[in-house]
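Notes for the structure review
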Amino acid sequence: MNRNVIIVIVLVVLVLLTAVQAMQLSALKSSISAGKVSAGSAPVQGSGGASVPSNIQDLPSMVGGC
C-alpha cells in the first residue's frame, strides 16, 4: 500500500473519532442542562485539619537532590 494512502486512512479515522466524541459531548451537555444527569461532587474538606493523602506523605523522602 502506498504510504500516502495509509496516512489519509489514519486521518479519516481520526476525524471520524473526533466527530463521534463531539456528538457525545453535545448530548452530555444537553442532558446536564435538561437536568437528566447531575454533575458529581467530591466531598469537600474544610481548610482546618485537612489530611494529606498517603501516597504523597512520603514525597520529601522520595525526592533526590544534593
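Each remark here, short or long, concerns the structure printed above.
One structure accompanies this document, and this report is about it. (Residues numbered from 1 in each chain as written. Predicted model: local features only at pLDDT ≥ 70, side-chain atom pairs only at ≥ 80, totals over all residues. Heavy atoms only, no water.)

This part takes up the overall build of the protein chain. Per the secondary structure count, the protein chain includes 3 helices and 0 strands. Sequence-ordered secondary structure for the protein chain, helices as α and strands as β, is α-α-α. Counting across all 66 residues of the protein chain, residues that qualify as buried make up 0%. For the protein chain, the exposed area adds up to about 6,200 Å²; of that, 65% sits on carbon and sulfur atoms. (Helix = DSSP H or I, 4+ residues; strand = E, 2+ residues; numbered from the N terminus. Buried < 20%, exposed > 50% of the residue type's maximum accessible area, 1.4 Å probe, protein only. Areas by Shrake-Rupley, 256 points an atom, 1.4 Å probe, with all protein chains shown as cover.)

What follows concerns a nonpolar patch on the surface. Judged by side-chain polarity, Met1, Val5, Ile6, Ile7, Ile9, Val10, Leu11, Val13, Leu14 and Leu17 come together as a nonpolar surface patch covering roughly 930 Å² of accessible area. In this structure, isoleucine 9 sits in helix H1 (residues 3-34). (Patch = residues over 30% accessible without salt bridge, like charges linked within 9 Å, V, L, I, M, F, W, Y side chains within 5 Å. Salt bridge = Lys/Arg side-chain N within 4 Å of Asp/Glu carboxyl O.)

Take the environment of valine 37 next. Its place among the elements puts valine 37 in the loop between H1 and helix H2 (54-57). Setting aside anything within four residues of it in sequence, one finds valine 37 in contact with Ser31 and Ile32. (Contact = heavy atoms within 4.5 Å.)

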